[in-house]
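# Examination of the molecular architecture
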Amino acid sequence: MDRTPAAAPIPAAMPSVPALPRIAVVIPTLNEASTLPQTLAALAAQDYPAELTEILVLDGGSSDGTREIVAAHRGRPVHLLDNPGRTTPAAINLALRWTDADAILWLSGHCLLSPNYVSAVAAAYAERPRRVCGGRLEVHGQGWRGGLNALLLSSRFGTGVSPLRFGRKPGPSDSVTFALFDRQMLVEMGGLDESLARNQDNDLFGRLRQQGVEFWRVDAEATYLAPFTFSGLWRRAFLNGAWSLWGHRRGRGGHHWWHFAPMAMVGAGTLLAMLWFAGLSAAGWILLSLAGLYAAMAIVSALTVALPSRLPWAVPVLPALFFIHHVIYGLGSWTALLRANPVPPRPAVST
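Residues numbered from 1 in each chain as written. Predicted model: local features only at pLDDT ≥ 70, side-chain atom pairs only at ≥ 80, totals over all residues. Heavy atoms only, no water.

### A few points about the overall build of the protein chain
- Secondary structure summary: the protein chain contains 13 helices and nine strands in total.
- Taking the principal axes of its C-alpha atoms as reference, the protein chain extends roughly 110 × 55 × 40 Å.
- The buried share of the protein chain, reckoned over its 351 residues, is 49%.
- A sequence separation of at least 24 residues applies to 79% of the contacts in the protein chain between residues at least 6 apart.
- Summed over all atoms, the accessible surface of the protein chain reaches about 16900 Å², with 63% contributed by carbon and sulfur.
- Counting 29 positive and 23 negative side-chain charges, the protein chain places the averaged centre of each group 7 Å from the other. (Helix = DSSP H or I, 4+ residues; strand = E, 2+ residues; numbered from the N terminus. Buried < 20%, exposed > 50% of the residue type's maximum accessible area, 1.4 Å probe, protein only. Contact = heavy atoms within 4.5 Å. Areas by Shrake-Rupley, 256 points an atom, 1.4 Å probe, with all protein chains shown as cover. Lys, Arg positive; Asp, Glu negative; His and termini not counted. Charge placed at Lys NZ, Arg CZ, Asp CG, Glu CD.)

This is how it looks when you write it as structure tokens:
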């Protein structure tokens, strides 16, 4: 009887597991002492391996104790770098030159990440390194002014219908927030445009879309901490309105109709008011009708964001805040239309 042992079956090939990337968490700062401790604490609580993470705080010359907060931080090591250019694009480009990590996670000094955020974006990136990965966005505020500002920024009527702000479903997306980027991809693109003091993310996303880069939302959450004061919110609105127009002149995409709706509202309202005072009664009726429609939409939007947050007292206040915010944003765009871009485009990071 033949007792020759049968050949052992050849085991099926094990599926390859993508290697986890080394990630540089990049945080541009300028006077972020009021919120940076919370940002760093949320990073310390991440479940991603510490040995695969480095945290870079690029400070543009803070005078409020931000640098001292970084120096006193206990947890995952934080590298404090000087950012002579002061702006966010200059900070990101400095980080691209400084680190040799596989990817960079672009944050701000006023955001909080859920404990699984870095792991979630890293896993999506590992599957396809050239995609841009980010999570859901929530907006919270501190104090009653910050709470009202957060409600405004949480409203589609207040800020537009951008999927960056309101997208929730994991998977492909038009844009994502607090995103993880392949570092070499950004270097090959020349980095961020350092002539943009704001709206640099819209410009970058527009260039990425032109190259066919995929955006991917993961099942993790980033919380943006709204400005604490009305003056801070309105300054932000005016500058965003101006830089939306200046950035749009680059012709790279990245801007949508809602970026220019406040400008259209201010322009149409001013024109109709001038015609009304000039004696054209029809212009007055049109203006009043549009004002009534705006008020109705503002009230409905206030109810939509205030009641789920259990802040009914905010309902009568929010319509006025919507109006002020839109007018200031629109005025920012109109002032930009009448002025040349403050700084011409220039290359930033060489390959």
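### Brief notes about the packing of aromatic side chains
- Using the criterion set out here, one finds ten aromatic pairs in the structure.
- Ring geometry for Phe 205 against Phe 215: centres 5.0 Å apart, planes inclined by 65°, an arrangement best described as edge-to-face. Here Phe 205, found in helix α9 (residues 200–210), pairs with Phe 215, found in strand β9 (residues 215–225); they are ten residues apart in sequence, far enough to count as distant.
- Between Phe 230 and Trp 234, the aromatic rings sit 5.7 Å apart at their centres with planes inclined by 20°, giving stacked as the arrangement. In this pair, Phe 230 and Trp 234 are both assigned in helix α10 (residues 230–248), four residues apart and thus about one turn of the helix distant.
- A connected cluster of aromatic rings, assembled from ring pairs, spans Trp 106, Phe 181, Phe 205 and Phe 215.
- The ring of Trp 216 is capped by Arg 131, whose NZ or CZ atom sits 4.2 Å from the centre of that ring.
- Above the plane of the ring of Phe 215 lies Arg 209, whose end atom (NZ or CZ) is 5.4 Å from the centre. (Phe/Tyr/Trp six-rings, centres within 6.5 Å; stacked < 30°, edge-to-face > 60°. Lys NZ or Arg CZ within 6 Å of the ring centre and 35° of its normal.)

### Focus: the nonpolar core
- Formed by 50 residues in total, the largest nonpolar core has its most connected members in Ile 27, Leu 105, Leu 107, Leu 113 and Leu 318.
- Ranked by the residues each element gives to this core, the list is headed by helix α4 (residues 117–127), at seven residues.
- Other than its neighbours up to four places away in sequence, Leu 318 contacts Leu 148, Leu 151, Leu 152, Ala 302, Val 305 and Ala 306.
- Counting 27 residues, the second-largest nonpolar core is a separate cluster that includes Leu 96, Met 189, Leu 208 and Phe 215. (Core = buried A, V, L, I, M, F, W, Y, C linked by side-chain atoms within 4.5 Å.)

### Observations concerning helix α12 (residues 281–306)
- For α12, spanning 26 residues, the distance from its first C-alpha to its last is 37 Å, which sits close to the expected 38 Å at 1.5 Å a residue.
- Among all positions in α12, only Ala 283, Gly 284, Tyr 294, Ala 298, Ser 301, Ala 302, Val 305 and Ala 306 are buried.
- Against α5 (143–153), α6 (156–159), α11 (261–277) and α13 (318–337) lie the buried residues of α12. (Expected span 1.5 Å × (residues − 1).)

As far as function goes, none of this settles anything; it's purely spatial.
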